[in-house]
Amino acid sequence: MDAVAACDSVPSPGARPPQPARVRQLGRQPYAPVWHAMQRFTDNRDDTTADELWVVEHDPVFTLGQAGKDEHVLAPGDIPVLHVDRGGQVTYHGPGQIVVYPLLQLRRLGIGVRDYVCRIEQAIIDTLDEWNIGAERLDGAPGVYVGGAKVAALGIRVRRGCTFHGLAFNVAMDLEPFHRINPCGYEGLQVTSVVDLGGPSGMAAVTPVLLGHLARQFGLDLQPTTDLPDLTEAA
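So, a few notes on the structure that sits alongside this text. (Residues numbered from 1 in each chain as written. Predicted model: local features only at pLDDT ≥ 70, side-chain atom pairs only at ≥ 80, totals over all residues. Heavy atoms only, no water.)

Here we look at the pairing of strand β10 (residues 162–170)
The cut-off we apply is this: Using a 1.4 Å probe on the protein chains alone, a residue whose accessible area is under 20% of its type maximum counts as buried, one over 50% counts as exposed, and one in between counts as partly exposed. Note on conventions: DSSP H or I runs of at least 4 residues are helices, E runs of at least 2 residues are strands, and numbering of each starts at the N terminus. Strands were regarded as paired on the criterion that DSSP finds at least two bridges between them.
A large share of β10 lies buried, amounting to nine of its nine residues. With eight bridges joining them, strand β9 (residues 149–159) and β10 adopt antiparallel strand pairing. Bridge assignment links V158 to a residue of β10, and that residue is T163.

Structure (C-alpha cells):
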C-alpha cells in the first residue's frame, strides 16, 4: 500500500478526552545535546510519564538517518554531518526551520506508527492551508510537498512504543545547504519554504498554528512550560 492510500484510511482523531502534553520551547540549540536529551527522556519514561513536544531551532547541521548513505552528502563544506538513530536518509537543519520532537506514547493515544506519520503530515498540511498554501503527500516519500518541492521532512524513531525525533518544517531559511546533499536520498529533489510560498516569514507566526494542529491530530491538551530538559552532554 502506498503512503497516500495508507493515509487516506486513517480515521479522524477520536472523541477521547485530550491527553496532557507538556510543550518545551528550547530556542536555538546545537543538534547533539537535544538528540541525546530526547534519547534519555525516552529511555527513562514509564507509563506514568506525560507526553511532551519539544520545539527547537537548530544550528546548521546535516543528519544522516540509520539507513543513510554517505554518498548522499555531496559537499558539506563547513557544516557538520552527524549519523543519528532516526529513520530516513540525509537532511539539513538550520536557522529559520521549525523542528518539533513529539515524545509520545502511541499506545496511550491509541494509534500505530503508520497513523502517527500520517497525522504529523496532516498537521503540516493543515498548517499550510491556514495561508492558502495547497500541500500534499507524495507516494513512497514521507514528508509534505508543494508543487513537488519539499517543505517539511519527517524522520522518526519508535522505541518501546514511544516516539522521538520528529519533523522539520522550513519556514524562512537559507535553502542553499540543501544543494550540498541529495535531500532525503533523492537526487535533484527541490526544497522550498513557507515564506517562498507566500506565507509568513516569522517563526512566531507559524509555530503556534503548527502546535495547534498537532494537538488536534493527536488529541493533546498542550501545557506550556518554561522548564528545559537537561541539555548537558555526558562526559
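What about the environment of A123?
Stated precisely, the cut-off is as follows: Whether two residues are in contact is decided by their heavy atoms, any of which lying within 4.5 Å being enough.
Positionally, A123 belongs in helix α4 (residues 113–129). For A123 and P224, which are 101 residues apart along the polypeptide, the C-alpha to C-alpha distance reads 19 Å. The residues contacting A123, other than those within four sequence positions of it, are L210, H213, L214 and Q217.

Digging into the nonpolar core
Here is the rule: What we call a nonpolar core is a set of buried Ala, Val, Leu, Ile, Met, Phe, Trp, Tyr and Cys residues that are connected through their side-chain atoms within 4.5 Å.
Ranked by internal contacts, the top residues of the largest apolar core, which has 36 residues, are Y116, I124, L128, L167, F169, L214 and F218. Here the element with the most residues in this core is α4; it accounts for seven residues. Listed in part, the 17 residues of the second largest apolar core include V34, W35, W54 and L231.

Examining the packing of aromatic side chains
This is how the line gets drawn: Here the aromatic set is Phe, Tyr and Trp, taking the six-membered ring for Trp, and pairing holds for ring centres within 6.5 Å; pairs whose planes are under 30 degrees apart are stacked, those over 60 apart are edge-to-face, and all others are tilted.
Enumeration over the complete set of coordinates arrives at five aromatic pairs. Here the aromatic rings of F41 and W54 are separated by 6.1 Å at their centres, their planes lie at 65 degrees, and the arrangement is edge-to-face. With F41 in helix α2 (residues 31–44) and W54 in strand β2 (residues 51–58), this residue pair connects regions lying 13 residues apart in the sequence. Across the pair, W54 and F41 agree in class, each one buried. Three or more aromatic residues link up through ring pairs in this structure, and these residues are F62, Y92 and F178.

Quick word on empty space enclosed by the protein
As a reminder, the rule being used: Lining residues are those with an atom within 4 Å of a point, where the points come from a 1 Å grid over the protein atoms alone and group into cavities, where a 1.4 Å probe fits but cannot get out, or pockets, open sets with protein on both sides within 12 Å along at least five of seven lines. Grid points are joined across faces, edges and corners, and a volume is the space filled by probe spheres set on the points. Polar here means any residue outside two lists: the nonpolar Ala, Val, Leu, Ile, Met, Phe, Trp, Tyr, Cys and Pro, and the charged Asp, Glu, Lys and Arg; Gly therefore counts as polar.
Across all of its chains, the model carries one cavity of 30 Å³ or more by this definition. Here the largest cavity is characterised by a volume of approximately 80 Å³. Looking at the largest cavity, it is lined by 14 residues, and the ones nearest its centre are T91, K150, A153, N170 and F178. When contributions to the lining of the largest cavity are tallied by element, the ones reaching two or more residues are β5 (90–93), β9 and β10. For the lining of the largest cavity, the per-class residue count stands at ten nonpolar, three polar and one charged.

Looking at the sheet that holds β2
Heads up, the rule is: Axes here refer to lines fitted to C-alpha atoms; in helices the fit is confined to the stretch in contact. Angles between the N-to-C directions go from 0 to 180 degrees.
Strand order in the open sheet formed by eight strands is β7-β8-β9-β10-β6-β2-β1-β11, and the pairing between neighbours is mixed. Strands with a single pairing partner mark the edges of an open sheet, and in this sheet they are β7 (136–138) and β11 (220–225). The sheet shows a mean angle of 25 degrees between the axes of neighbouring strands, taken without regard to direction. Where strand β1 (residues 19–29) meets β2, eight bridges bridge the pair, whose relative direction is parallel. The residue bridging R22 from the neighbouring strand is E52, located in β2. Those strands touched by helix α5 (residues 203–218) are β1, β2, β6 (97–103), β10 and β11, and its axis lies near 25 degrees from that of β6.

Digging into the state of the cysteines
How we decide: Any two cysteine sulfur atoms lying within 2.5 Å of each other are counted as a disulfide.
Per the counting criterion, the structure on display carries one disulfide. Disulfide pairing is shown between C7 and C118; the S-S distance is 2.0 Å. Between C7 and C118 the sulfur-sulfur dihedral comes to about -85 degrees; the bridge is accordingly left-handed. Of this pair, C7 sits in helix α1 (residues 3–8) while C118 sits in helix α4, placing them 111 residues apart in sequence. C118 gets classed as buried once you look at its relative accessible area, which sits at 4%. Between C162, a free cysteine, and C118, which holds the nearest cysteine sulfur, the sulfur-to-sulfur gap is 20 Å. Classification of C162 as buried rests on a relative accessible area of 3%. For C184, which is in no disulfide, the shortest distance to another cysteine sulfur is to C7 and amounts to 16 Å.

By themselves, these observations are geometric and do not establish any function.
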